[in-house]
Amino acid sequence: DRIIQTRDCGKSFCTMAEARVEDGACTAGEPKGPVPNTGGKPVCVLVLGMAGSGKTTFVQRVNAHLHAQRTPPYVINLDPAVYEIPYPANIDIRDTVKYKEVMKQYGLGPNGGIITSLNLFATRFDQVMKFVEKRANEFKHVIMDTPGQIEVFTWSASGSIITESLASSFPTVVVYVMDIARSVSPVTFMSNMLYACSILYKTKLPFIVVMNKIDIVNHSFAVEWLTDFEAFQDALAQETSYASNLTRSLSLVLDEFYTNLRTVGVSAVTGQGMEEFLQAVDSAAQEYETQYKPEYERLKKEKESAENQEKLRQLDRLKKDMGAGEAVPMEMAAPVRPDATPSHSKAPEVMLTKDPNEDDDLDSDDLDEEMTERREEEAFKAFLESQKAHPVDKQNKS
């Protein structure tokens, strides 16, 4: 029953180090405040990715870049097991749910503790929505950092609740952070793309693949694999493992998936590619307004219509169970005279007549008692008469 806690750090300005990274976009000596959001609702950026892909560092870099542009984001941390975060968070799940206490109380392991903590937090996510709506005019972006175990968020009930709650109220974009340094192998690259495809079709939201760590390995080879099917097949030809055969078959299926996929190469350490990423976010938000939002509205109306039909069906069944049916007319029958001759015609089904001389207060029990009293009285009078007529016999007997 704990209430979601917030931190008033959305209005803090960029530090001197952040200002230097952003190539002089702002200086620490300029006491300028944040630029308010005048374009409507903020864009919710849901950052997902496998463990070690650099999600938290990427969120820190985006946060620093937006602070440098005087458009600070509203940051939410959804990882209950993280020891510390390198960015200021407006809402932190660790302030509401204690991860180690959940593990201890329910006897769970690390992944079970994360799932249970997210489920507990999801029961209060309506409060998070109220906080975001309250300050919607102050921010242009809402960035959400998720747990390192990607399957915990993408395939749990809490992940669906959080994603659908955001998408129903704000433009929402799913960002899949990919470790490009560990994807130089075609088999590993295909595993990442397969996971990205599953997340896309599960969330049904605008999707961006962020190829992180381009300061270590350039992402041009991955872009070529996405756009040139033959180049990826040539890279697979050099693989001799059994998994390469499966990857070759999957590449034929995912070729259509790559067609409209947004990809951006970034470096969370140096800040390279941040402008391209923000442009991709704006493009995805526009796609949400034109394609995804109408679809959500249609699905919402269909769900409400189905619920209303189900309510009417249950109401009709309740009426039948209670015996509600068609009204039955009742006809009044004519009174039968005592001297009437019995008729062989069909007797009236309902007799609602009454003798006008019948006493209303007299029922059948009263009539039986009255007849019994009369018989006893007559028998007593007869006994007295017999005693008067034979007094002598009585004396002789005595």
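Please read all numbers here as calculations on a predicted model, not as lab measurements.

Parameters and conventions
- Residues numbered from 1 in each chain as written.
- Predicted model: local features only at pLDDT ≥ 70, side-chain atom pairs only at ≥ 80, totals over all residues.
- Heavy atoms only, no water.
- Helix = DSSP H or I, 4+ residues; strand = E, 2+ residues; numbered from the N terminus.
- Buried < 20%, exposed > 50% of the residue type's maximum accessible area, 1.4 Å probe, protein only.
- Contact = heavy atoms within 4.5 Å.
- Areas by Shrake-Rupley, 256 points an atom, 1.4 Å probe, with all protein chains shown as cover.
- Expected span 1.5 Å × (residues − 1).
- Pairing = 2+ DSSP bridges.
- Axes fitted to C-alpha atoms, helices over the stretch in contact; angles between N-to-C directions.
- Parallel < 35°, antiparallel > 145°, perpendicular 65-115°, else oblique.
- Nonpolar A, V, L, I, M, F, W, Y, C, P; charged D, E, K, R; others polar.
- 1 Å grid on protein atoms, 1.4 Å probe; cavity = no way out; pocket = protein on both sides within 12 Å on 5 of 7 lines; lining within 4 Å.
- Points joined across faces, edges and corners; volume = space filled by probe spheres on them.
- Salt bridge = Lys/Arg side-chain N within 4 Å of Asp/Glu carboxyl O.
- pLDDT = per-residue confidence, 0-100.
- Patch = residues over 30% accessible without salt bridge, like charges linked within 9 Å, V, L, I, M, F, W, Y side chains within 5 Å.
- Lys, Arg positive; Asp, Glu negative; His and termini not counted.
- Charge placed at Lys NZ, Arg CZ, Asp CG, Glu CD.

**Considerations on the overall build of the protein**
The number of helices and strands found in the protein is 14 helices and seven strands. Evaluated residue by residue, the protein yields a buried proportion of 39% over its 398 residues. When contacts within the protein are restricted to residue pairs at least 6 apart in sequence, long-range pairs at least 24 apart make up 74% of them. Working note: accessible area of the protein is about 24,100 Å², and carbon and sulfur atoms make up 53% of it.

**What about helix H4 (residues 110–122)?**
The α-helix winds at 3.6 residues per turn, so residues separated by three or four positions along the chain end up facing the same way. An ideal rise of 1.5 Å per residue puts 18 Å on 13 residues; H4 measures up with 18 Å between its terminal C-alpha atoms. Those residues of H4 not exposed but buried are Gly113, Ile114, Ser117, Leu118, Phe121 and Ala122. The inward-facing, buried residues of H4 contact strand E3 (91–92), helix H3 (99–106), helix H5 (125–134), helix H6 (150–154) and helix H7 (157–169).

**Points about the sheet that holds strand E1 (residues 43–49)**
Read across the open sheet, the seven strands follow the order E3-E2-E4-E1-E5-E6-E7; overall the sheet is parallel. Looking at which strands have only one partner, the edges of the open sheet turn out to be E3 and strand E7 (262–265). Summarising the sheet, E1 and strand E5 (residues 172–179) pair through six bridges and their orientation is parallel. Bridge pairing links Gly49 to Val177 in E5. Together, E1, strand E4 (141–145), E5, strand E6 (207–212) and E7 form the strand contacts of helix H12 (residues 274–321), whose direction differs from that of E7 by roughly 165°.

**Side note on the environment of Pro294**
Of note, Pro294 is situated in helix H12. Not counting residues up to four positions away in its chain, the partners in contact with Pro294 are Tyr288 and Glu289.

**Here we look at the packing of helix H2 (residues 55–68) against H12**
Where H2 contacts H12, the two axes come as close as 11 Å, and the packing angle between them is 90°. In this view, H2 runs roughly perpendicular relative to H12, as classed from their interaxial angle. Across from Phe58, Arg61, Val62, His65 and Leu66 in H2, the residues of H12 making contact are Met274, Glu275, Phe277 and Leu278. Here the contact of H2 with H12 is composed, by residue class, of six nonpolar, one polar and two charged.

**As for the layout of surface pockets**
The volume enclosed by the largest pocket comes to roughly 990 Å³. Elements that contribute at least two residues to the lining of the largest pocket include exactly E1, H6, H7, helix H8 (186–203) and H12. In this structure, the second largest pocket occupies an estimated 310 Å³ of space. Counting only elements with at least two residues in the lining of the second largest pocket, the list comes to H8 and H12. Per element, the largest residue contribution to the lining of the second largest pocket is three residues, and it comes from H12. Classifying every residue of the lining of the second largest pocket gives eight nonpolar, two polar and four charged.

**Re the pattern of salt bridges**
Taken as a whole and assessed by the stated rule, the structure comprises 10 salt bridges. Where Arg313 meets Glu310, a salt bridge forms, and the shortest distance between an N and an O atom there is 2.5 Å. Placement of both Arg313 and Glu310 in helix H12 is noted, with a separation of three residues, approximately one turn of the helix. Classification of Arg313 by relative accessible area gives partly exposed; the value is 42%. Beyond isolated ion pairs, a larger network of salt bridges with shared partners links Asp179, Arg182 and Lys213.

**Looking at the confidence of the model for the protein**
Model confidence for the protein is summarised by a mean pLDDT of 80, while 77% of its residues fall at 70 or above. Mean pLDDT values for the elements of the protein range from 34 in helix H1 (residues 16–21) up to 96 in strand E2 (residues 74–77). Confidence over residues 8–31 falls short of pLDDT 50; this stretch has 39 contacts with residues more than four positions distant or in other chains.

**Thoughts on a negative patch on the surface**
On the surface, a cluster of negative charge is contributed by Glu224, Asp228, Glu230 and Asp234. Position of Asp228 relative to the elements: it lies in the loop between helix H9 (220–227) and helix H10 (229–237). Assessed through its relative accessible area of 32%, Asp228 is described here as partly exposed.

**A word on empty space enclosed by the protein**
The tally for this structure, following the rule as stated, stands at one cavity of 30 Å³ or more. Looking at the largest cavity, the residues that line it are Val45, Val62, Leu66, His141, Ile143, Phe277, Leu278 and Val281. Put simply, the parts of the chain that give the lining of the largest cavity at least two residues each are H2, E4 and H12. Among the elements that make up the lining of the largest cavity, the one with the highest residue count is H12 (three residues). Considering only residue class, the lining of the largest cavity consists of seven nonpolar, one polar and no charged.

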